[in-house]
Amino acid sequence: MAGTGIFTEILDGEVYKFYADGEWRTSSSGKSVAIVNPATRKTQYKVQACTQEEVNKVMGMAKSAQKSWAKTPLWKRAELLHKAAAILKDNKAPIAESLVKEIAKPAKDSVTEVVRSGDLISYCAEEGVRILGEGKFLLSDSFPGNERTKYCLTSKIPLGVVLAIPPFNYPVNLAVSKIAPALIAGNSLVLKPPTQGAVSCLHMVHCFHLAGFPKGLISCITGKGSEIGDFLTMHPAVNCIRYIYIHIQQKGYFPINYLCFWINGFSFTGGDTGISISKKAGMIPLQMELGGKDACIVLEDADLDLVASNIIKGGFSYSGQRCTAVKVVLVMESVADELVEKVKAKVAKLTVGPPEENCDITAVVSESSANFIEGLVMDAKEKGATFCQEYKREGNLIWPLLLDNVRPDMRIAWEEPFGPVLPVLRISSVDEGINHCNASNFGLQGCVFTKDINKAMLISDAMETGTVQINSAPARGPDHFPFQGLKDSGIGSQGVTNSINLMTKVKTTVINLPTPSYSMG
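What you see is a predicted model; the values in this text were computed from it and never measured. (Residues numbered from 1 in each chain as written. Predicted model: local features only at pLDDT ≥ 70, side-chain atom pairs only at ≥ 80, totals over all residues. Heavy atoms only, no water.)

1. So, the domain arrangement of the protein chain
Move 1: Under the domain assignment, the protein chain is made up of domain 1 (8-245 + 248-289) and domain 2 (295-470).
Move 2: With 25 residues of domain 1 in contact, the opposing surface of domain 2 contributes 22 residues.
Move 3: Interface area for domain 1 against domain 2, summed over the two sides, is near 2,000 Å², with a carbon-plus-sulfur share of 61%.
Move 4: Where domain 1 meets domain 2, there are 1 salt bridge.
Move 5: Glu356 is the partner of Lys101 in a salt bridge, and the nearest nitrogen-oxygen pair spans 3.1 Å. (Domains from an automatic or database assignment. Contact = heavy atoms within 4.5 Å. Buried area = accessible area lost by both parts, 1.4 Å probe. Salt bridge = Lys/Arg side-chain N within 4 Å of Asp/Glu carboxyl O.)

Okay, here's the thing in structure tokens:
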């Protein structure tokens, strides 16, 4: 069970502690933040409400610890990361249980997330040794007008203190995708977990603690965004911010609602959020993934059985609460009827219920999220969309719904529901589908289904998205693949190699010779 066994020390009565300077601590505020179970809508866990003073202390510790860590040999950094990965995978059960309780992720998928995270850490350790163990040697006479009097040595050095802010839907995996690259590159790391997902993250951090990382190198701060949010992101000790935004309308349980400038419980779109962070960050390097409206373009020659299976997998897994979920289907009119019937048949087989029972569709993360999704559904109903199933909701649990004959004037055609509701737009030409995809302010991923690889490549080139999947649903991963968004969907690129490079900067040393020197000259 969560908070038991090797995890006993992270819990103080009913409230989970925060992690700083190699210790589990209670906040001087004497306050806590409640985490509501999405399925039961009752308080499941409580975490510390840390203060700005505690953030200051953590940042000071992180800055000091980083100086020593940067002097730690690469092989030793990798060794500790491998150890943390093994501990994480050995203790997958209690961490997965936390995911089930605080974000309503199906039990089997929760276990998969933890195991995948351990594999990511180990891969990152090995890749980091390869990348950071190499440098460059340049000679001055390779540029016109110069003799060979200068030897240029370049290497990659750490940035310093990295602030990592993962989202609720993959709190463990998207946390370690920042922690592992930061540590192997010689940085220290401060983690601000999402409220929903905080307990899972605290368990994960304890695995790094047990692996024996130096004190102060890793910290995990929990608390209210209104009190420590801006203070964290604008802290002068921060040298890099890695942030993933989930476009979801909910107050209090957003991964970092303090950066989203809530107005009456609603957040700005991903792009506005990113711009806000950019303005606050100044010259600090940023990597942000800011949500998407991933389009699925289906041509006349597509294998419709394959398409239907991928629409189910892409649109409804984890109740559609994925940045890379299929968010709109753009299908050629001539095959639309047949495809819709195939998808309807598969939707009817989806199981709905509690995450403990591994149901396909579980409760969305909060009541506010469910209300937002319902608003999109009602707008589509008022404007004449065809409901392929009866709309049904109980609390935060929304039954899967396919909406046919959706038009561009409906909100669901453009807005990201982050729930088990999928719109189908019928198109008369490929250009119409591409134009709809590119008219979105998002550009995370997309997919195209056709048996003609030439058409697929042409469409892929035309789609303004960070990734295009051919004959498969959008997906983030494997975790070493580049993952990035265009337009309002992000800044920079993820993936193990890209993440390590992001968390370093180039250092150059030039040796100046008194006279030109040529090998074998």
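The discussion continues.
2. A closer look at the pattern of salt bridges
Move 1: Under the defined criterion, the tally for this structure stands at 23 salt bridges.
Move 2: Note that Glu333 and Arg426 form a salt bridge whose closest N and O atoms lie 3.0 Å from each other. On the criterion of sequence distance, the pair formed by Glu333 in helix H10 (residues 333-347) and Arg426 in strand E20 (residues 421-427) is long-range, its members being 93 residues apart.
Move 3: Overall, the relative accessible area of 18% leaves Arg426 in the buried class.
Move 4: Residue Asp379 pairs with Lys383 through a salt bridge whose shortest N-O separation is 3.0 Å.
Move 5: You can call Lys383 partly exposed: its relative accessible area is 30%. (Helix = DSSP H or I, 4+ residues; strand = E, 2+ residues; numbered from the N terminus. Buried < 20%, exposed > 50% of the residue type's maximum accessible area, 1.4 Å probe, protein only.)

3. Section: helix H2 (residues 74-90)
Working note: α-helix, 3.6 residues per turn, so residues spaced by three or four point in the same direction.
Move 1: Between its terminal C-alpha atoms H2 stretches 25 Å, which fits the 24 Å expected from 17 residues at 1.5 Å a residue.
Move 2: Taken together, the buried positions of H2 are occupied by Arg77, Ala78, Leu80, Leu81, Ala84, Ala85, Ile87 and Leu88. (Expected span 1.5 Å × (residues − 1).)

4. Regarding the state of the cysteines
Move 1: For the structure shown, the criterion picks out 0 disulfides.
Move 2: You can see Cys50 has no disulfide; the closest cysteine sulfur is in Cys220, sitting 8.6 Å from it. (Disulfide = S-S within 2.5 Å.)

5. Details of the UniProt feature "active site" (unreviewed entry) in the protein chain
Move 1: Within this structure's numbering, the places UniProt gives as "active site" (unreviewed entry) are Glu289.
Move 2: In this fold, Glu289 is placed in strand E13 (residues 286-289).
Move 3: On the basis of relative accessibility, which here comes to 4%, the residue Glu289 falls in the buried class.
Move 4: A polar contact is formed between the side chain of Glu289 and the backbone nitrogen of Gly291, at a distance of 2.9 Å. (UniProt positions renumbered as here; feature names shortened; annotations may be inferred. Polar contact = N/O pair within 3.5 Å; in protein donor to acceptor, adjacent residues only side chain to side chain.)

6. Focus: the packing of helix H3 (residues 92-103) against helix H6 (residues 198-211)
Move 1: Running from N to C, H3 and H6 point in directions that differ by 165°, and their axes come no closer than 8 Å. As the angle between them shows, H3 and H6 are arranged roughly antiparallel. With respect to the hand of their crossing, H3 and H6 are arranged in left-handed fashion. Here H3 contributes Ile95, Ser98, Leu99 and Glu102 to the contact with H6, which in turn contributes Ala198, Val199, Ser200, His203, Met204 and Cys207.
Move 2: Its residues assigned to classes, the contact of H3 with H6 shows 6 nonpolar, 3 polar and 1 charged. (Axes fitted to C-alpha atoms, helices over the stretch in contact; angles between N-to-C directions. Parallel < 35°, antiparallel > 145°, perpendicular 65-115°, else oblique. Left-handed = near helix turned anticlockwise from the far one by under 90°. Nonpolar A, V, L, I, M, F, W, Y, C, P; charged D, E, K, R; others polar.)

7. So, the side chain of Asp379
Move 1: You can see Asp379 is positioned in helix H11 (residues 367-382).
Move 2: By relative accessible area, Asp379 is classed as buried at 11%.
Move 3: A polar contact of 3.0 Å, which involves the side chain of Asp379, links it to the backbone nitrogen of Arg411.
Move 4: With near-sequence residues (within four places) excluded, Asp379 lies in contact with Met410 and Arg411.

8. Considerations on the UniProt feature "domain: Aldehyde dehydrogenase" (unreviewed entry) in the protein chain
Move 1: As annotated by UniProt and renumbered to match this structure, "domain: Aldehyde dehydrogenase" (unreviewed entry) occupies residues 24-241 and 263-508.
Move 2: Along residues 24-241 the backbone is 50% helical and 18% strand, and the end-to-end C-alpha distance reaches 24 Å.

9. With respect to the packing of aromatic side chains
Move 1: A full pass over the atoms with the stated rule returns 6 aromatic pairs.
Move 2: Summarising the aromatic geometry, the rings of Tyr19 and Trp24 are spaced 4.8 Å apart at their centres and angled 45° between planes, so their arrangement reads as tilted.
Move 3: For Tyr19, a relative accessible area of 4% corresponds to the buried category.
Move 4: What makes Trp24 buried here is its relative accessible area of 9%.
Move 5: Arranged with centres 5.7 Å apart and planes meeting at 45°, the rings of Phe208 and Phe213 form a pair that is tilted. (Phe/Tyr/Trp six-rings, centres within 6.5 Å; stacked < 30°, edge-to-face > 60°.)

10. Details of the sheet that holds strand E16 (residues 386-387)
Move 1: Read from one edge of the open sheet, 7 strands run E16-E19-E20-E15-E14-E22-E23, paired in mixed fashion. At either end of the open sheet lies a strand with only one pairing partner, and these are E16 and strand E23 (467-470).
Move 2: The sheet strands contacting H10 are strand E14 (295-298), strand E15 (328-332), strand E19 (401-404) and E20, and the helix crosses E15 at an angle near 135°. (Pairing = 2+ DSSP bridges.)

11. A closer look at unusual backbone geometry
Move 1: That bond from Gly477 to Pro478 is cis: its omega, 5°, falls within 30 degrees of zero.
Move 2: Of note, Pro478 is situated in the loop between E23 and strand E24 (483-484).
Move 3: Positive phi is not limited to glycine here, since Arg41 has a value of about 60°.
Move 4: Within the secondary structure, Arg41 is located in the loop between strand E5 (32-36) and strand E6 (43-48).

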